[in-house]
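# Structural overview
Each chain, letter by letter, is given below.
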Amino acid sequence: MKNYRKFIFAILLTGIFVGCTDDLVDMNVNPNNPTGETANLGTLITSSIRKAFQEDRYEFWRGPLIQGDRFGHHFTFGFKEAAWWNESAMYEYSDGWNEAVFVGYFTDSEMNGKGGHIFPNLGLVMDKCADNGYEGYYMYYNAVSEIIRAFQFLKITDAYGNVPYTDVNDPNVYQPSYDNQADIYADLDGRLKKAITDIGDAVSSGVGKENLSDYDPMFEGDLQKWSKFANALRFRMAMRSRNANTNSTAIITEVLQKNLPQANDESAVTSITTSADYLDHQYFGVWNAFTSNSRVAIAPGDTVDIENGPGAGSFAPSRCLVNIMTGQSLTSNMVQDNGTTDEMNPFFGVVDPRLPVYFSASLIGGVYAGFPTRAAFDDAGYSTSQFRSIFEFAQPNPHIYNGTLDMVSLAYSEVCFLRAEAALFGLSTEDASEWYVKGVEASMEQWGAIVGDYWSQAGTGLTGDVESDFEKIATQRWIASYCVPWQAWSVLRRTGYPAFANLAKTKTVNAWIEFDALGNPITQEIRPQYVQGETNYALPSSCAIPTIESLLNSNAPQTQTMSQKVWWDID
């Protein structure tokens with residue numbers, strides 16, 4: 001990462017010398033790169049929270065949305081006629097997208113400049129706390145910094161696998177080594193455990209300028225909520241790695257003996273800011289930061305400007321998610337030639353109350369229809385699926401992208417589903433069904449959906465069969481991870497559920513390839529319905545390390561594909 005920082009710093013210096021001649025002394029003071037002497041610890045924590053939990057539009061678009069949401073089968077690219085991209089971009093590796101995320105996560109967002117350098121900034125806080133012997137509020141500031149750091153590193157290693165960790169922020173290391181993901185997990189768990197111990201029973205870091213509440217846009221300085229969040233992160237990590245990590249059982253036992261979030265008001269949530277600058281508003285930024293024509297279309301016949309933005313229909317809800325929530329059929333013969341007709345929707349026939357708050361019905365037909373992930377296109381630019389217009393499938397509910405959605409990083413519902421899974425597999429003495437029900441209802445409450453007679457519908461509850469119950473728990477956790485992109489993808493990779501999303505999409509169809517002057521189809525030929533991509537139709541297993549990192553850092557993997565599994569992703 002230091003290679004990037006040296007290069008970026010050189011560019012910044014060049015810009016300073018070219019653009020400023022007033023005061024040579026001031027050129028040596030970079031307000032976005034404070035030193036230990038000039039740093040305000042509170043503002044460094046604020047910027048780090050914003051950076052880690054409410055990502056810049058630039059990084060969010062290229063990372064969580066284009067990769068996390070799409071690989072997680074929550075959103076997919078829409079029609080070729082209404083987007084920058086076409087079918088070739090579906091599961092193809094994009095070095096630009098990966099570079100933007102990789103460099104952004106380790107340094108800062110060079111386009112927007114939000115948040116500063118998160119790891120160096122947190123390093124300044126922790127160094128200052130160490131210099132003051134962790135006395136008084138310094139111990140609590142250090143604990144919170146460790147939790148933020150752990151969350152950010154967990155996000156990175158779960159996306160990429162082995163990444164620089166030990167050497168990050170060492171000014172004497174210009175080519176950081178790559179740590180094994182298992183070792184990263186172990187160290188993060190130890191740091192989180194210590195942070196929880198250091199917080200202890202404290203509720204506040206102090207009074208006046210020592211009070212973290214003035215700098216904390218997530219928990220408003222409530223140290224007990226930070227402690228519960230740290231424990232929930234340990235829980236997430238232990239359950240995610242339970243089939244790969246021999247220490248996971250002991251960690252799960254320990255976590256369940258400590259405090260965990262008990263309600264939605266203890267979820268890790270960063271509120272949308274009221275700033276007129278919306279570039280740091282994740283979905284809002286993506287949908288609104290381009291030209292007016294690039295926003296989600298509001299009516300059939302809207303003009304689409306494919307030169308200046310993603311375009312109407314570019315980010316469509318996936319068929320997998322919509323069909324599961326509408327109780328529709330999902331079978332292997334929908335994605336594979338010679339597939340079976342066995343029902344693969346564990347909630348077949350069940351309508352989910354969250355459906356209308358997740359999505360808006362299609363503008364043509366008024367139905368909830370999702371777009372097939374990685375659908376190919378015929379010569380006229382139409383999908384080779386049953387859809388012929390971008391207005392025939394659902395769109396995200398406007399509150400997803402209109403600037404009113406607070407961003408959730410770890411929801412109370414996830415904790416409930418983790419407890420349900422742990423109980424199901426005998427890792428605790430709790431009741432799996434009880435926590436499963438709590439998880440579903442917590443998610444519905446979070447989204448403002450009414451539970452109503454949901455549990456009276458056949459097939460909603462657990463049955464006692466371990467594998468089918470695990471499928472329901474995992475699928476519900478996946479549904480509840482809507483707008484938490486990296487988590488949705490991780491659930492799919494680790495659990496294999498919903499199974500439909502993991503099927504190889506090898507189906508062929510008769511596609512119209514010629515049309516008369518009136519647009520009527522006249523000629524067909526057999527074509528693939530789905531794009532093979534670089535993963536041979538399979539769900540991507542990781543993000544690949546970008547080329548620039550391999551060129552600048554000899555310790556980086558020189559060859560890596562999106563098919564390379566992360567440590568905990570074992571069958």
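Residues numbered from 1 in each chain as written. Predicted model: local features only at pLDDT ≥ 70, side-chain atom pairs only at ≥ 80, totals over all residues. Heavy atoms only, no water.

Each helix and strand counted, the protein chain has 17 helices and ten strands in total. For the protein chain, the residues scored as buried account for 58% of the 571 residues in total. Carbon and sulfur atoms form 51% of the exposed surface of the protein chain, whose accessible area is close to 22,200 Å². (Helix = DSSP H or I, 4+ residues; strand = E, 2+ residues; numbered from the N terminus. Buried < 20%, exposed > 50% of the residue type's maximum accessible area, 1.4 Å probe, protein only. Areas by Shrake-Rupley, 256 points an atom, 1.4 Å probe, with all protein chains shown as cover.)

Omega for the peptide link from Y497 to P498 comes to 0°, which places this bond in the cis form. Following the sequence through the fold, P498 ends up in the loop between helix 16 (485-495) and strand 9 (508-515). A positive phi is found at Y134, a non-glycine position, where the angle reads about 55°. Checked against the element boundaries, Y134 lands in the loop between helix 5 (118-131) and helix 6 (137-160). Here Y134 falls in the partly exposed class, since its relative accessible area comes to 38%. Positive phi outside glycine occurs at Y537, with the angle close to 75°.

Quick look at empty space enclosed by the protein now. Counted under the stated rule, the structure contains seven cavities of 30 Å³ or more. There is about 260 Å³ of room inside the largest cavity. Lining the largest cavity are 23 residues; nearest its centre among them are E55, F151, K155, V484 and W486. Sorting the residues of the lining of the largest cavity by element identifies helix 2 (41-53), helix 3 (57-71), helix 6, helix 8 (223-240), strand 8 (407-410) and helix 16 as the ones contributing at least two each. (1 Å grid on protein atoms, 1.4 Å probe; cavity = no way out; pocket = protein on both sides within 12 Å on 5 of 7 lines; lining within 4 Å. Points joined across faces, edges and corners; volume = space filled by probe spheres on them.)

As a further point, take the pairing of strand 9. Relative to strand 10 (residues 521-528), strand 9 runs antiparallel, the two sharing seven bridges. Bridged to A511 within strand 10 is E525. Counting the residues in the hairpin turn of strand 9 and strand 10 gives five residues, including G519, whose phi is positive at 85°. (Pairing = 2+ DSSP bridges.)

Moving on to helix 4 (residues 95-106). Along its twelve residues, helix 4 runs 16 Å from first to last C-alpha, staying within 8% of the 16 Å computed at 1.5 Å per residue. Along helix 4, the positions that sit buried rather than exposed are W97, N98, A100, V101, F102, V103, G104, Y105 and F106. (Expected span 1.5 Å × (residues − 1).)

On to the pattern of salt bridges. Enumeration according to the criterion identifies 18 salt bridges in this entry. Ionic pairing is found between E59 and K51, a salt bridge with its closest N-O pair at 2.6 Å. K51 carries the same exposure label as E59, and that label is buried. Between K228 and E266 there is a salt bridge; the shortest N-O distance is 2.7 Å. Placement of K228 in helix 8 and of E266 in the loop between helix 9 (248-256) and strand 4 (268-270) is noted, with a sequence separation of 38 residues between them. Each member of the pair, K228 together with E266, is buried. (Salt bridge = Lys/Arg side-chain N within 4 Å of Asp/Glu carboxyl O.)

Attention now moves to the packing of aromatic side chains. The full count for this structure, using the stated rule, is 27 aromatic pairs. Taking the centre distance of 4.3 Å and the plane angle of 25° together, the rings of F53 and F151 count as stacked. Taken together, the residues span a long stretch of sequence, with F53 in helix 2 and F151 in helix 6 at a distance of 98 residues. (Phe/Tyr/Trp six-rings, centres within 6.5 Å; stacked < 30°, edge-to-face > 60°.)

A few words on the environment of V103. Here V103 lies in helix 4. With relative accessibility at 11%, the residue V103 sits in the buried group. Expressed as a C-alpha distance, the spacing of V103 and I548, which sit 445 residues apart in the sequence, is 9.7 Å.

With that settled, the discussion passes to the side chain of D198. Along the chain, the position of D198 falls in helix 7 (residues 181-199). A polar contact of 2.8 Å, which involves the side chain of D198, links it to the side chain of K194. The residues touching D198, leaving out its near neighbours within four places in the chain, are M139, Y140 and A143. (Polar contact = N/O pair within 3.5 Å; in protein donor to acceptor, adjacent residues only side chain to side chain. Contact = heavy atoms within 4.5 Å.)

Once that is clear, we can look at helix 16. Of all the eleven residues making up helix 16, eleven are buried; the element is thus mostly covered by neighbouring parts of the structure. Those residues of helix 16 lying buried are P485, W486, Q487, A488, W489, S490, V491, L492, R493, R494 and T495. Directly after helix 16, the chain includes G496, whose backbone phi takes a positive value near 80°.

Turning our attention to the environment of Q532. Locating Q532 in the fold gives a position in the loop between strand 10 and helix 17 (547-552). For the pair Q532 and K505, spaced 27 residues apart in sequence, the C-alpha to C-alpha distance is 7.6 Å. Filtering out sequence-adjacent residues up to four positions away, Q532 remains in contact with R374 and Y537.

With that out of the way, let us pick up the nonpolar core. I148, W226, F229 and Y283 are the most contacted members of the largest nonpolar core, which totals 143 residues. With 15 residues, the single largest contributor to this core is helix 6. Look past the residues within four positions of Y283 in its chain and what remains in contact with it is F60, L65, D69, F75, I400, Y401, L405, M407, C483 and P485. Counting residues in each nonpolar core, the second largest holds seven residues, with A316, A369, A375 and I390 among its members. (Core = buried A, V, L, I, M, F, W, Y, C linked by side-chain atoms within 4.5 Å.)

Moving on to the packing of helix 3 against helix 4. Orientation of helix 3 relative to helix 4, taken along the N-to-C sense of each, is 120°, at an axis distance of 9 Å. The element helix 3 and its partner helix 4 pack so that their crossing is left-handed. Within the contact between the two elements, helix 3 uses Y58, E59, R62, G63, P64, I66, Q67 and R70 and helix 4 uses W97, N98, A100, V101, G104 and Y105. Of the residues contributing to the contact of helix 3 with helix 4, the split by class is seven nonpolar, four polar and three charged. (Axes fitted to C-alpha atoms, helices over the stretch in contact; angles between N-to-C directions. Left-handed = near helix turned anticlockwise from the far one by under 90°. Nonpolar A, V, L, I, M, F, W, Y, C, P; charged D, E, K, R; others polar.)

Now for the packing of helix 14 (residues 432-447) against helix 15 (residues 466-480). Between helix 14 and helix 15, whose axes approach to 10 Å, the crossing angle comes to 20°. Considered as vectors, helix 14 and helix 15 are oriented roughly parallel to each other. In this structure, the crossing between helix 14 and helix 15 has a hand that is left-handed. Where helix 14 abuts helix 15, its residues Y436, V440 and S443 lie against K472, I473, Q476 and A480. Partitioning the contact of helix 14 with helix 15 into residue classes produces four nonpolar, two polar and one charged. (Parallel < 35°, antiparallel > 145°, perpendicular 65-115°, else oblique.)

So, about the confidence of the model for the protein chain. On average, the protein chain scores 83 in pLDDT, and the residues at 70 or more come to 81%. Residue range residues 108-115 is modelled with pLDDT below 50. Its contacts to residues more than four positions away, or to other chains, number 25 contacts. Predicted confidence is poor over residues 291-300, with pLDDT under 50, and the contacts of this stretch with residues over four places away or in other chains come to 28 contacts. (pLDDT = per-residue confidence, 0-100.)

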